[in-house]
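What follows is each chain in one-letter form.
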Amino acid sequence: MPDRSGPGFRARVGPPSRRAKVLLLTLGVLAALFVLFVLFAGLWTDWLWFDSVRYGSVFTAQLGAKAGLFAVFGLLMALVVGFNLWLAYRLRPPLAAMSVEQQSLDRYRMGIAPFRKWLMIGLSLLVGLAAGAAAGAQWRTWMLWVNGTAFGVKDGQFHKDVSYYAFKLPWYEFVLGFGFSAVIVSLLAATAVHYLYGGLRLQGPGRRASAGAQGHLAVLLGVFVLLKAVAYWLDRYALAVKSESYKNVDGWTGLRYVDANAFLPAKTILFFVAVICALLFFLTPIRRTWAPALIGFGLMALSAILVGGLYPALVQQFQVKPNEQAKETAYIQKNIDATRQAYGIADVAEQQYAPTDSTDAGTLAKDAQTVSDIRLLDPNVVSPTFQQNQALRNYYAFPKTLDVDRYGDQDTVLGVRELDLTGVQQHNFINDHFKYTHGYGVVAAKGNQVDSNGNPVYTEHSLPAEGSMGSYEQRVYYGEKTTMYSVVGPGLDEIDYTRDGQPDQTSQYSGGSGVSLNNPLTRAAYALKFAEPQILYSGAIKDDAKILYDRTPKERVEKVAPWLSIDADPYPVVQNGRLVWVLDGYTTSDGYPFSSKTTFGDATKDSLTDQRGRTLTAVNQVNYIRNSVKATVDAYTGEVTLYQWDEADPVLKTWMKAFPDTVKAKADIPATLLPHLRYPQDLFKVQRDLLGQYHMTDATAFFNGTDIWEVPEDPTVNTHEVQPPYYLTLRMPDAQEASFSLTTSFVPSGRKNLAAFMTADADPGPGYGKLRILRMPSGSGALGPALTQAKFNSDSEVARQLTLLRSGTDSDVVYGNLLTLPVGGGILNVEPVYLVARGAKVPVLKKVLAVYGDHNVALEDTLDQALAKVLGGAADGATTPTAPADPQNPGTGTPTTPTTPDSPEVQQALTEAQKAFDDGQAALKNGDWTAYGKAQEALKKAIGDAMAAEQKASGATAPAQPGGGAAASPSASPPVSPPASPPAAPSAAPSASPTG
């Protein structure tokens, strides 16, 4: 090739040709249009989504707040910086002194002279854009400040309402930070202009600063110091919400002795020093000397070191350390009281519980329902079993962790058969987005039973689903695993399920949700959003077609309520002919004075986090939390409904002012949904994390730290993560009857024995959320989870049987949830043992481990056998026998119901029980809790009378029970069955109802 760099080559020099200019201009315009369309597409599709779910007001309110803050603070920053640039130029000296420095600067001055005006405007706007963007991100802070609601509680130091720290102080600090930024940028910009135009000189004879430059910069420095004075004043109040590590609490919050007696007066002194120093700077242009201002600034800096640093250190060293307990007790007590109030743990009911190693039938009879409802089916283990037995199609799947709910009085493990596109054999645009669009139905099983093969006893099964839940819309367009968008509408046939040798069962969506694709501009926007050009031109998209996206319940609620933190575990509920997802929403704050902060993500982490997901808040560090909202998402229509649950929460009231008409009243919760609401896990985990130390309500005991508890590690897995809480139906010793509860254990710090057992009443009603703690006496010897598992593993007979199981079946042993239960005056530990064939990977319940107290260990085929071994004769009648599975319908074994003697007294009592049951259902539907409670008492008495009459007829004597009637725990004596529930009862009756 010729050498074009030689003397014969002449490069083209000069402006580009007309064609090149047109081409460059066209490319530039197209690039600008593309960028604008990308911005438009994001904004337009967001609006269409919010409008489709009927929460357009949330979008407009949020956008309005962001745009308003952007405009106001961006413009304000641009004006402040622009004004100071202009002022610095106007104050330039008329003639610059001749020097080498000024001659060099002349070239720059001449170079920017033609563009000076536009350069100043451009720099001002650029700084304004950055400031506006930062301000727009503070929309939450702004809305809380504008709509703040009083807590009605004052802090223990300054006696201000908590709302000042939660809603006002953060906004004041933001505005102060903005002021600092504006002054610093203006100071730097003005200094640069003054130097460029000779107002400031580094070389040459005479003054280094002109009078104009000196006065301008002095005023800016005075404003800066004045803002510092305001900062010192706000720092006084910020002491009430500052965090540090103290007494094994990483997020200890609030003033301590040195704060109240050294830092607080120091901040006040520094405030006045800063005000005086600012006045000296403001006087500099008049006195024409920097000396007083610089001396004042130096004294302020020295005061900050001596008064703000050295003095508190001396107080800490010579007053606090020699007698720390006496000095800190009052402040520790403030922290204890505020923390317990902020996390909803102030009213924990605590009692001593000295567990025994043996019990008798009379004592155990009180806990008969607890024993009979022991959950053998671990929802964290049996998902593969559901998948193997009930998915029925490769393109359907269940979540890794199933859910626990109550249907009637039965603890039920259930999962939704959701769409799983990985099981589709042929992937293409049509199959992935038009044909396979939804899941189908719910599968449910009894929590306390398995069939003769160790498989779940299904109460809802098959495809389409059938069973005890009755008729409901089974198509699941919105679910936890539904992450792909779908296109649906008239004329688009979607696959419900396929049948061997028969045409596919199809349907067309009529749920009303989704965004219409009739508009070509909208289609283009979604083609860009999902990076799928076929959305724009595909002929498969018919008229009136809609696109469904953002389909997981959690992301739908998070979008319509961006001020909520959503629990990581949505759960399905079948009620009133609909399948809905229920989600718990939390309002949080990090501004509750004296309340210690916790890292939400860390406090809610346990051995199941990887399967459930993690709950995160906007700031993650919180020191106030309430379960303020119950939300539902319809699995078919995607409709999102928010219900106010905590009617006293001031944070929720504040957000309801900011986003009016988005949260419905608590009274609007459907009566059929109410019995399925439950106490949320993540709130419970945060509370138990705090109660490990804050169960100590005495400041002296807290200071000494002699009774710190920990949540034990889960001994059934090897992740070294803490044990998750478990939903169980049980009776606490101070309760009259069993109720659906959320439970957890505690062990002493650094040890493995059981320190305490805690429950939260998970059933909605008067006792909802009541926290109860059973404290074990020191030296009780009660086994914690790790010691219980070690006892199981070290037992020679258990090891022998498990070895035989493994070797005989070529399977692996998987331990289910280790359940700790206070029954019969002692502690019963029960753990299901599953076998997983190495080829099938399907868990099958084969054995049950149990131990009562610290004595016999049982590994038996059934729970009844295990309890009989560890409880002896006390276990008789405590559990309900299980009938063998129906060979025509595997997995449907049911409890046997013994016949009832034909006695007039028994029949009369059963008639009264039926009437009480019907009255209770009517009261439940009407939301009349008073009438419902009376009906439950009548039902309890009628069943007790029936049992007494039956025992009298058979020659037995029933033990007397408090409150009248005979045995008050119907499940303890199975000879009498309760009246049959009407068809609608299972979805409405709360789990606290007595059962026969």
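Everything here concerns the structure above.
A short tour of the structure in this document, coming up. (Residues numbered from 1 in each chain as written. Predicted model: local features only at pLDDT ≥ 70, side-chain atom pairs only at ≥ 80, totals over all residues. Heavy atoms only, no water.)

1. Description of the packing of helix α1 (residues 18-52) against helix α15 (residues 520-529)
Just so we agree on the cut-off: Lines fitted to C-alpha atoms define the axes here, with helix axes fitted over just the stretch in contact, and angles between the N-to-C directions of these axes take values from 0 to 180 degrees. Secondary structure elements are taken from DSSP: a helix is a run of H or I of four residues or more, a strand is a run of E of two residues or more, and numbering for both begins at the N terminus. Every angle not falling under 35 degrees, over 145, or within 65 to 115 is termed oblique; those three ranges are roughly parallel, roughly antiparallel and roughly perpendicular. Only heavy atoms enter the contact rule, under which two residues are in contact if any of them lie within 4.5 Å.
For the pair α1 and α15, interaxial distance at closest approach is 9 Å and the crossing angle is 100°. As the angle between them shows, α1 and α15 are arranged roughly perpendicular. Facing α1, whose interface residues are F34, F37, V38, F40, A41, W44, T45 and L48, α15 presents L521, T522, A524, A525, Y526, L528 and K529.

2. A look at the packing of aromatic side chains
Rules: Whether two aromatic rings pair depends on their centres lying within 6.5 Å, for rings of Phe, Tyr and Trp, where Trp uses its six-membered ring; planes under 30 degrees apart make the pair stacked, over 60 edge-to-face, and the rest tilted.
Following the criterion strictly, the structure yields 52 aromatic pairs and no others. The interplanar angle of 80° and the centroid separation of 5.5 Å between the aromatic rings of F530 and Y549 together place this pair among those described as edge-to-face. With F530 in the loop between α15 and α16 (534-537) and Y549 in the loop between β17 (546-548) and α17 (553-560), the pair connects residues that are 19 residues apart, well separated along the chain. Between W563 and W655, the ring centres sit 6.1 Å apart and the planes meet at 15°, which makes this aromatic pair stacked. Separated by 92 residues along the polypeptide, W563 in the loop between α17 and β18 (565-566) and W655 in helix α20 (residues 650-658) bring together distant segments of the chain.

3. A word on helix α21 (residues 681-694)
Here is the rule: Expected helix span is computed as 1.5 Å times (number of residues minus one). Burial status follows relative accessibility: with a 1.4 Å probe on protein chains alone, a residue under 20% of its type maximum counts as buried, one over 50% as exposed, and anything between as partly exposed.
Counted at 1.5 Å a residue, the expected span for α21 with its 14 residues is 20 Å, and the 19 Å between its end C-alpha atoms agrees. The buried count for α21 comes to 13 of 14 residues, which makes it a mostly enclosed element.

4. Digging into the packing of helix α2 (residues 56-90) against helix α4 (residues 116-136)
For any two helices packed against each other, one specifies the crossing angle of their axes together with the interaxial distance. Put simply, the test is: Each helix crossing is assigned a hand: it is left-handed if the near helix lies turned anticlockwise from the far helix by less than a right angle, otherwise right-handed if that turn is clockwise.
Two elements in contact, α2 and α4, have axes separated by 7 Å at closest approach and are oriented at 145°. The element α2 and its partner α4 pack so that their crossing is right-handed. The segment α2 lies against α4, with K66, L69, F70, F73, G74, M77, A78, V81, G82, L85, W86 and Y89 engaging R116, M120, S124, V127, G128, L129, A131, G132, A133, A135 and G136.

5. Here's the deal with helix α8 (residues 257-287)
Put simply, the rule is: Bend, at a single residue, is the angle you get between axes fitted to the 7 residues ending at that residue and the 7 residues starting at it.
End to end, α8 covers 44 Å across 31 residues, agreeing with the expected 45 Å (1.5 Å per residue, within 8%). At F263, α8 shows its largest bend, some 30°, and a proline, P265, comes one to four positions later. Once α8 ends, the next one or two residues include R288, with phi positive near 60°.

6. Observations concerning the nonpolar core
Rule in force here: Residues belong to a common nonpolar core when they are buried Ala, Val, Leu, Ile, Met, Phe, Trp, Tyr or Cys residues joined through side-chain atoms within 4.5 Å.
Of all hydrophobic cores here, the largest spans 212 residues; its most connected members are F386, W563, L642, W655 and Y679. It is helix α6 (residues 162-196) that contributes the most residues to this core, 17 residues altogether. The contacts of Y679, once residues within four sequence positions are left out, are F684, Q687, Y727, L742, A760, D761, A762, Y768, G769 and L771. Within the second largest apolar cluster, 13 residues are counted, among which are Y815, L818, L835 and L849.

7. A few points about the sheet that holds strand β16 (residues 515-516)
Put simply, the rule is: Pairs of strands are assigned from DSSP output, requiring at least two bridges between the strands.
The strand order across the open sheet formed by 3 strands is β13-β17-β16, and the pairing between neighbours is antiparallel. Looking at strand neighbours, the two that pair on one side only are β13 (486-488) and β16, the edges of this open sheet.

8. Some thoughts on the pairing of strand β1 (residues 243-246)
In this sheet, strand β2 (residues 249-253) lies alongside β1 in antiparallel orientation, the contact comprising 3 bridges. Pairing of Y246 across the sheet is with V249, part of β2. Linkage of β1 to β2, two consecutive antiparallel strands, is achieved through a turn of 2 residues, within which K247 is found at a positive phi near 55°.

9. Digging into unusual backbone geometry
The step from L463 to P464 runs through a cis peptide bond, and the omega angle for that step is -5°. Along the polypeptide, P464 turns up in the loop between β10 (456-461) and β11 (466-467). Despite not being glycine, S462 shows a phi value in the positive range, around 75°. Positionally, S462 belongs in the loop between β10 and β11. We note that N576 has phi near 55°; this positive angle belongs to a residue other than glycine. Structurally, N576 can be placed in the loop between β19 (571-575) and β20 (578-589). The class of N576 is exposed, set by a relative accessible area of 61%.

10. Re the pattern of salt bridges
The test is simple: Take a side-chain nitrogen of Lys or Arg and a carboxyl oxygen of Asp or Glu: if they are within 4 Å of each other, that pair is a salt bridge.
All chains considered together, the criterion is met by 25 salt bridges. Two residues, R256 and E244, come together in a salt bridge whose shortest N-O distance is 3.3 Å. Placement of R256 in the loop between β2 and α8 and of E244 in strand β1 is noted, with a sequence separation of 12 residues between them. Between D496 and R475 there is a salt bridge, and its shortest N-O distance comes to 3.0 Å. Taken together, the positions of D496 in strand β14 (residues 494-499) and R475 in strand β12 (residues 475-476) put the pair 21 residues apart, joining distant regions of the chain. Judged on exposure class, the residue D496 and its partner R475 are both buried. One salt-bridge network, in which partners are shared between bridges, spans K242, E244, R256, D259 and E328.

11. Overview of the pairing of strand β27 (residues 739-748)
Residues in a regular strand point their side chains to alternate faces of the sheet. Along β27, 10 of the 10 residues are buried, which leaves the element largely enclosed by surrounding structure. Two strands pair when backbone bridges link them, and strand β26 (residues 726-730) and β27 are joined in this way by 5 bridges, in the antiparallel orientation. By the bridge assignment for β27, L728 is matched with S741. Looking at chain direction, β27 and strand β28 (residues 756-761) are connected through 6 bridges and run antiparallel. Considered in β28, the bridge of F746 is made with A756.

12. Overview of the sheet that holds β11
Reading across from one edge, β5-β6-β9-β10-β11 is the order of the 5 strands in this open sheet, with antiparallel pairing throughout. Whereas interior strands pair on both sides, the edge strands pair on one side only; in this sheet they are β5 (403-407) and β11. Alignment of β5 against strand β6 (residues 410-416), held across 5 bridges, turns out to be antiparallel. Bridged to V404 within β6 is V413. Sitting on the sheet, helix α13 (residues 383-390) touches β6, β9 (442-450) and β10, and the angle it makes with β10 is about 60°.

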